[in-house]
Amino acid sequence: ASSCLTSMQRHNNQPHAFPFSHAVLDGQYAHLSGVLATKDGKITAGSAKDETTSCMQQIVATLAALKLTVDDITRVNLYITDLKDFDEINKAYRPFFPSGRFPARTCVAVASLLAGTRIEIEVTAKLHPHAKI
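Our subject in this report is the structure included herewith.

This brings us to the overall build of the chain. In terms of regular secondary structure, the chain is built from two helices and eight strands. For the chain, the N- to C-terminal ordering of α and β elements is β-β-β-β-β-α-β-α-β-β. For the chain, the residues scored as buried account for 37% of the 133 residues in total. Within the chain, contacts between residues separated by at least 24 positions form 72% of all contacts whose residues are at least 6 apart in sequence. Of the accessible surface of the chain, which amounts to about 7500 Å², a share of 53% is contributed by carbon and sulfur atoms.

Rendered as structure tokens:
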């Protein structure tokens, strides 16, 4: 295993407003920071379905920048503010994995998330030898 860590600020090269890396690569895995729903580049609260879709679209874009796909995701952590949204989240989440191969996943209910959002998603994906920032 490599001891060299590489960080990725943002796949769209826009400055990051908060003090963390958008993704960190450790030589074997890409660890993506939690993603919140956005619209026009701003964090935006919405329905559980809309927020899940927005989060997953951002994750897909970040993975694509690393030459990865959802099939490379090995672990997902979901943070949600209302367990009543669980079914709606799953309905929006499932189509992002058309192969039917789902990564390991944890769902944690939390008291609140930034900007009144309902869901935050973080993922870990297995790197390919050619994956670069």
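A few words now on helix 1 (residues 48–65). For helix 1, with 18 residues, the first-to-last C-alpha span of 26 Å sits near the 26 Å given by 1.5 Å per residue. Looking at helix 1, one finds that the buried residues are A48, E51, T52, S54, C55, M56, Q58, I59, T62 and L63. Phi turns positive, to about 60 degrees, at K67, one or two residues after helix 1.

A word on helix 2 (residues 86–93). Regarding helix 2, the residues found buried are I89, N90, A92 and Y93. Seen end-on, helix 2 carries its buried residues on one side only, within an arc spanning 165 degrees. The exposed set on the far side of helix 2, more than 90 degrees from its buried face, consists of D87 and K91.

In the contact formed by helix 1 and helix 2, the axes pass within 8 Å of each other and the chain directions differ by 40 degrees. One finds that helix 1 runs oblique with respect to helix 2. The interaxial crossing formed by helix 1 with helix 2 has right-handed handedness. Mapping the contact onto sequence places A48, K49, T52, T53 and M56 in helix 1 and E88, I89, A92 and Y93 in helix 2. Within the contact of helix 1 with helix 2, the residues separate by chemical class into five nonpolar, two polar and two charged.

Of the strand pairs in this sheet, strand 6 (residues 73–80) and strand 8 (residues 119–126) are connected by seven bridges, and their pairing is antiparallel. Residue pairing for strand 8: L78 is matched across the bridge by I121. A crossover links strand 6 with its parallel partner strand 7 (residues 104–109), the connecting element being helix 2, and its sense is right-handed.

Here the focus is the packing of aromatic side chains. Tallied over the full model, the rule gives two aromatic pairs. Taking 4.9 Å as the distance between ring centres and 45 degrees as the angle between the ring planes, the aromatic pair formed by Y93 and F97 counts as tilted. Ring geometry for F97 against F102: centres 5.7 Å apart, planes inclined by 55 degrees, an arrangement best described as tilted. Accessibility expressed as a relative area gives 2% for F97, which makes it buried.

Cut-offs used in this document
Residues numbered from 1 in each chain as written. Predicted model: local features only at pLDDT ≥ 70, side-chain atom pairs only at ≥ 80, totals over all residues. Heavy atoms only, no water. Helix = DSSP H or I, 4+ residues; strand = E, 2+ residues; numbered from the N terminus. Buried < 20%, exposed > 50% of the residue type's maximum accessible area, 1.4 Å probe, protein only. Contact = heavy atoms within 4.5 Å. Areas by Shrake-Rupley, 256 points an atom, 1.4 Å probe, with all protein chains shown as cover. Expected span 1.5 Å × (residues − 1). Arc of directions from axis to C-beta. Axes fitted to C-alpha atoms, helices over the stretch in contact; angles between N-to-C directions. Parallel < 35°, antiparallel > 145°, perpendicular 65-115°, else oblique. Left-handed = near helix turned anticlockwise from the far one by under 90°. Nonpolar A, V, L, I, M, F, W, Y, C, P; charged D, E, K, R; others polar. Pairing = 2+ DSSP bridges. Right-handed = clockwise from strand over helix to strand, strands pointing away. Phe/Tyr/Trp six-rings, centres within 6.5 Å; stacked < 30°, edge-to-face > 60°.

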